[in-house]
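Notes for the structure review
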Amino acid sequence: MTRTPPTTVARVRLWRWRPNPLKRHSDVVEAWIVLATWILALLGAVFAGQAAAHSMDSALSARRAQEHAVSAVVTDGPAKAAPADGGYDDGQVWATVRWTAKDGTVHTDRAKVHPGAPAGSPVMVWTDGTGRIVSAPTTRAEGLLQTVLAGVLVAQVAGTAVWATGWLVRARLVRRRLAEWDDEWKRVGPEWRNLSGGRG
């Protein structure tokens with residue numbers, strides 16, 4: 001019967017700076033800067049993204065709560081109106097519509113209706129708290145998409161800003177270290193060349 005040699009388990013070092021005679025204080029500082037930068041970038045991205053998503057969701061919910069649909073009637077022939085010249089053509093035209101608010105006041109404004117709708121045709125419009133016609137509120141799916149996109153965008157910007165700040169601090173530390181090495185070589189270089197016979 002053969003014996004299996006015992007297996008040794010290597011310890012996993014989570015920190016990049018183990019005992020090293022060449023390690024300087026600036027090396028330890030740089031390692032802490034890198035670690036802190038990544039932690040703060042990740043945490044900052046998560047918290048900023050959540051805050052932005054919550055803010056967007058609250059704003060959309062407040063807008064949905066203030067807007068309501070009312071029944072209006074067309075007061076002129078929409079066929080005379082030109083199609084909307086916005087960023088896209090939705091196949092509708094502008095026409096003047098009239099509706100009565102809950103307090104009994106009569107309002108008129110322009111809204112998009114289907115082409116060819118005669119005067120007196122009923123249309124559904126959305127109004128805000130002041131009685132002005134506004135665009136239809138976003139659906140739950142559209143609101144969720146906007147909330148997620150806002151959170152992702154803000155998270156990316158926040159994480160990148162923290163990472164860039166840490167990178168600038170680290171770059172300044174590296175420049176300082178290189179300057180110290182240059183000064184030290186100016187002091188040690190002549191002695192080294194003398195010891196190496198002028199070949200160093």
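Described below are features of the structure shown in this document.

Rules of the game
Residues numbered from 1 in each chain as written. Predicted model: local features only at pLDDT ≥ 70, side-chain atom pairs only at ≥ 80, totals over all residues. Heavy atoms only, no water. Pairing = 2+ DSSP bridges. Helix = DSSP H or I, 4+ residues; strand = E, 2+ residues; numbered from the N terminus. Buried < 20%, exposed > 50% of the residue type's maximum accessible area, 1.4 Å probe, protein only. Patch = residues over 30% accessible without salt bridge, like charges linked within 9 Å, V, L, I, M, F, W, Y side chains within 5 Å. Areas by Shrake-Rupley, 256 points an atom, 1.4 Å probe, with all protein chains shown as cover. Salt bridge = Lys/Arg side-chain N within 4 Å of Asp/Glu carboxyl O. Core = buried A, V, L, I, M, F, W, Y, C linked by side-chain atoms within 4.5 Å.

**A few points about the sheet that holds strand 2 (residues 93-100)**
Pairing between the strands of a sheet is mediated by backbone hydrogen bonds and can be parallel or antiparallel. Spatially, 5 strands are ordered 3-2-1-4-5 in an open sheet, and the strand pairing comes out antiparallel. The two strands at the open ends of the sheet, each matched to only one other strand, are strand 3 (106-113) and strand 5 (133-134). By the bridge criterion, 6 bridges tie strand 1 (residues 68-74) to strand 4 (residues 122-127) in an arrangement that is antiparallel. Bridging across to strand 4, Val 73 finds its partner in Pro 122.

**Things to note about the environment of Ala 95**
When you line up the elements, Ala 95 lands in strand 2. Take Ala 95: its relative accessible area is 1%, and that puts it in the buried class. Taking the C-alpha atoms as reference points, Ala 95 and Lys 112, separated by 17 residues in sequence, lie 6.2 Å from one another.

**Remarks on the pairing of strand 1**
Across 2 bridges, strand 1 lies against strand 2 in antiparallel orientation. Paired with Val 74 across the bridge in strand 2 is Val 97.

**A look at a nonpolar patch on the surface**
Taken together, the side chains of Trp 32, Leu 35, Ile 39, Leu 43, Val 46 and Phe 47 make up a nonpolar region of the molecular surface, amounting to roughly 600 Å² of accessible area. Secondary-structure assignment places Ile 39 in helix 1 (residues 25-66).

**Thoughts on the nonpolar core**
Membership of the largest hydrophobic core is limited to 11 residues, which are Val 70, Ala 72, Val 74, Val 93, Ala 95, Val 97, Trp 99, Ala 111, Val 113, Val 123 and Val 125. In terms of residue count, the dominant contributor to this core is strand 2 (4 residues).

**Things to note about the environment of Val 154**
Within the element layout of this structure, Val 154 appears in helix 2 (residues 140-195). The sequence separation of Val 154 and Val 46 amounts to 108 residues, and the corresponding C-alpha distance is 9.2 Å.

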